[in-house]
Amino acid sequence: MVIPAHRHDRRSSLPQGLGNAYYPDLGNPGYHADHYDIQLKVEPATNQVESHTRIEAHATQELSKIQFDYQGPPVDGVKVNGEKAEFTRRDAKLVIQAAVKNGEAFSVEVDYHGQPHSALSRGGPFQVGWKVSGDNIVVDSQPDGAQT
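Model, not experiment: these values are computed from the prediction.

## Some points on the overall build of the protein chain
Stage number 1. Along its length, the protein chain carries 0 helices and 11 strands.
Stage number 2. Mapped from its N terminus to its C terminus, the protein chain presents α and β elements in the order β-β-β-β-β-β-β-β-β-β-β.
Stage number 3. Counting every position in the protein chain, which comprises 148 residues, the buried fraction comes to 41%.
Stage number 4. Long-range pairs, those at least 24 residues apart, make up 58% of the contacts in the protein chain between residues at least 6 apart in sequence.

Structure below.
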């Protein structure tokens, strides 16, 4: 199997993904996630969520930006190592301005709220992610729905 080269975002020195043959834009180079703590409040009647998510990771290279796959609701704020950090949303990525040294452990906190949604999978013509049907909420995380 031939794995395609990483796509690079022209505005960043990091590739857009990890280069998986089926999902080349998914994943984020430069760090390994060690732990996720997701606090999620869900209001099923209005399909609203509120979340505080903390990610603990360590850098595998020098970073000037940290990226996450993200297609969820509006982001209210981001902190890196407890300090407010600037961020942007570009395509299906949350891009955080933060300098991290190779080998350094770091934490990222992301607060968001709003209505989650499903998205068309990049791997085929089907919906993945957050789905609401009447009183039921289902999340199809695989293969690429977790980012919604």
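Once you've had a look at it, read on.
## Let's talk about the pattern of salt bridges
Stage number 1. Under the counting rule described, the total for this entry stands at 4 salt bridges.
Stage number 2. Between D69 and K93 there is a salt bridge, with its nearest N and O atoms 2.5 Å apart. With D69 in strand 3 (residues 63–69) and K93 in strand 7 (residues 93–100), the pair connects residues that are 24 residues apart, well separated along the chain.
Stage number 3. Residue D69 is classed as partly exposed on the basis of its relative accessible area of 23%.
Stage number 4. Overlapping salt bridges bring together R54, E56 and E109 as one network.

## Quick word on the nonpolar core
Stage number 1. Counting 22 residues, the largest nonpolar core has I66, F68, I96, F106 and V108 as the members making the most contacts within it.
Stage number 2. Those elements that provide at least two residues to this core are strand 2 (48–59), strand 3, strand 4 (75–80), strand 7 and strand 8 (105–114).
Stage number 3. Here V108 is in contact with T53, R54, I55, I66, F68, V78, K79, V80 and I96, once residues within four sequence places are set aside.

## Here we look at the pairing of strand 2
Stage number 1. Side chains V49, S51, T53, I55, A57 and A59 of strand 2 all project onto a buried face; the interleaved residues Q48, E50, H52, R54, E56 and H58 project onto a face where none is buried.
Stage number 2. Pairing between strand 1 (residues 31–43) and strand 2: 12 bridges, direction antiparallel. Within strand 2, the residue paired with L40 across the bridge is S51.
Stage number 3. Where strand 1 hands over to strand 2, the hairpin turn is made up of 4 residues, of which N47 adopts a positive phi near 55°.

## Examining the environment of F68
Stage number 1. Its location among the elements puts F68 in strand 3.
Stage number 2. A C-alpha to C-alpha distance of 6.3 Å links F68 and N28, two positions 40 residues apart in sequence.
Stage number 3. Setting aside residues no more than four positions away along its own chain, F68 makes contact with N28, Y31, I55, A92, K93, L94, I96 and V108.

## Points about unusual backbone geometry
Stage number 1. Positive phi outside glycine occurs at N47, with the angle close to 55°.
Stage number 2. For N47, a relative accessible area of 13% translates into the label buried.

## Some remarks on the layout of surface pockets
Stage number 1. Approximately 150 Å³ is the volume attributed to the second largest pocket.
Stage number 2. As for the second largest pocket, its lining consists of H52, D76, G77, V78, K79, K84, A85, E86, F87, E109 and D111.
Stage number 3. Looking at the lining of the second largest pocket, the elements with two or more residues in it are strand 4 and strand 8.
Stage number 4. A per-element tally of the lining of the second largest pocket places strand 4 first, with 4 residues.
Stage number 5. Classifying every residue of the lining of the second largest pocket by side-chain character gives 3 nonpolar, 2 polar and 6 charged.

Parameters and conventions
Residues numbered from 1 in each chain as written. Predicted model: local features only at pLDDT ≥ 70, side-chain atom pairs only at ≥ 80, totals over all residues. Heavy atoms only, no water. Helix = DSSP H or I, 4+ residues; strand = E, 2+ residues; numbered from the N terminus. Buried < 20%, exposed > 50% of the residue type's maximum accessible area, 1.4 Å probe, protein only. Contact = heavy atoms within 4.5 Å. Salt bridge = Lys/Arg side-chain N within 4 Å of Asp/Glu carboxyl O. Core = buried A, V, L, I, M, F, W, Y, C linked by side-chain atoms within 4.5 Å. Pairing = 2+ DSSP bridges. 1 Å grid on protein atoms, 1.4 Å probe; cavity = no way out; pocket = protein on both sides within 12 Å on 5 of 7 lines; lining within 4 Å. Points joined across faces, edges and corners; volume = space filled by probe spheres on them. Nonpolar A, V, L, I, M, F, W, Y, C, P; charged D, E, K, R; others polar.

Keep in mind these values describe shape, not function.
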